[in-house]
Amino acid sequence: NTGGTGDFYIENCEIYGWNSFGHKGDVIISGTRFYHNGKYGKLRFYQNAQVEDCTFGTGMSIDFYNPHQGTIEGKTLTFTDCKMEEGSSIVGIIDMECFDKAKPTLIVDGVEYAGVTNPIVLNSNTVAVANVTLNETLEIQGEGTIFLENVKILPATGAGIVLSDKAILSGRNVEVETTDG
C-alpha cells in the first residue's frame, strides 16, 4: 500500500499478495507479473491507473472499491495487453460487484465496460458488461455494440435484454438458464 502524492510507477516487477495504492497521483504499471501469495491475491485501485502488458497468476482478483472510501467515479482504469498466466482475458478476475459500486470508467483492450445500470446508453461505441448474473431486463438504448462476457441470464426472474433498433449484441460465455416444464 502506498501513500503520498504524485504518480506511482511500477515497471518489470514480480509482485505477490495484496496491492493497493492510497496516494493522490495516478498509477502506471507495465511489464509486471502479479501473483497470489497463498493468503492474498488482489490488485485494488482508488485512482486513475494505466496497466499495460501485465500478467496475472491464478487466484488474483482486481477491484476498485473500499466501503470506507466510497466511489471513485470520474476515475479511469485502462488495461492494455494484460492477460492471465495461461493466456486468457483478465476480464474474468475483475470484481464487477465492486466495479458497480465504485463507478470508475473501465477500459480493457480498448473496450469500455459498463456496470449493470439500466438503461445502458450507447453513443456509436462498444460497451461491455461482464461477470454478472442478470435477474431483470437490461435495456440497451442508442447506437453501437453491446458485448456480454461471462454473463448468466435468468429468464425465470423476468430477465432478458431489450435492444434498440440500432444496437448490436455480441458476446462470449453467455448462458441462459432454462427451467423444466
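Above this note sits the structure.
In this report, the structure presented in the accompanying data block is examined. (Residues numbered from 1 in each chain as written. Predicted model: local features only at pLDDT ≥ 70, side-chain atom pairs only at ≥ 80, totals over all residues. Heavy atoms only, no water.)

**Notes on the overall build of the protein chain**
- Each helix and strand counted, the protein chain has one helix and 17 strands in total.
- Its C-alpha atoms give the protein chain a radius of gyration of 17 Å, within 12% of the compact-globule value 16 Å for 181 residues.
- The principal-axis extents of the C-alpha atoms in the protein chain amount to approximately 55 × 35 × 30 Å.
- When the 181 residues of the protein chain are sorted by exposure, 42% land in the buried category.
- For the protein chain, restricting intrachain contacts to residue pairs at least 6 apart in sequence, the fraction spanning at least 24 positions comes to 35%.
- Carbon and sulfur atoms form 44% of the exposed surface of the protein chain, whose accessible area is close to 9,400 Å². (Helix = DSSP H or I, 4+ residues; strand = E, 2+ residues; numbered from the N terminus. Rg over C-alpha atoms; globule rule 2.2 N^0.38 Å. Buried < 20%, exposed > 50% of the residue type's maximum accessible area, 1.4 Å probe, protein only. Contact = heavy atoms within 4.5 Å. Areas by Shrake-Rupley, 256 points an atom, 1.4 Å probe, with all protein chains shown as cover.)

**Thoughts on the pattern of salt bridges**
- The tally for this structure, following the rule as stated, stands at three salt bridges.
- Two residues, K42 and D63, come together in a salt bridge whose shortest N-O distance is 3.1 Å. In this pair, K42 is assigned in strand β6 (residues 42-44) and D63 in strand β9 (residues 61-63), connecting sequence segments 21 residues apart. Taken as a pair, K42 and D63 share a single burial class, namely buried.
- Residue D63 pairs with R44 through a salt bridge whose shortest N-O separation is 2.6 Å. In this pair, D63 is assigned in strand β9 and R44 in strand β6, connecting sequence segments 19 residues apart. (Salt bridge = Lys/Arg side-chain N within 4 Å of Asp/Glu carboxyl O.)

**Quick look at the sheet that holds β6**
- One open sheet accounts for three strands, arranged β3-β6-β9; its pairing is parallel. Looking at which strands have only one partner, the edges of the open sheet turn out to be β3 (18-20) and β9. Neighbour-to-neighbour, the strand axes of the sheet open up by a mean angle of 10°, direction not taken into account.
- Note that β3 and β6 share three bridges and pair parallel. (Pairing = 2+ DSSP bridges. Axes fitted to C-alpha atoms, helices over the stretch in contact; angles between N-to-C directions.)

**Brief notes about the sheet that holds strand β8 (residues 55-56)**
- What the four strands build is an open sheet, ordered β2-β5-β8-β11; its pairing is parallel. The strands lining the two open edges of the sheet, one partner per strand, are β2 (14-16) and β11 (83-84).
- Pairing of β2 with strand β5 (residues 33-35) involves three bridges; the strand directions are parallel. By the bridge assignment, Y16 is partnered in β5 with Y35.

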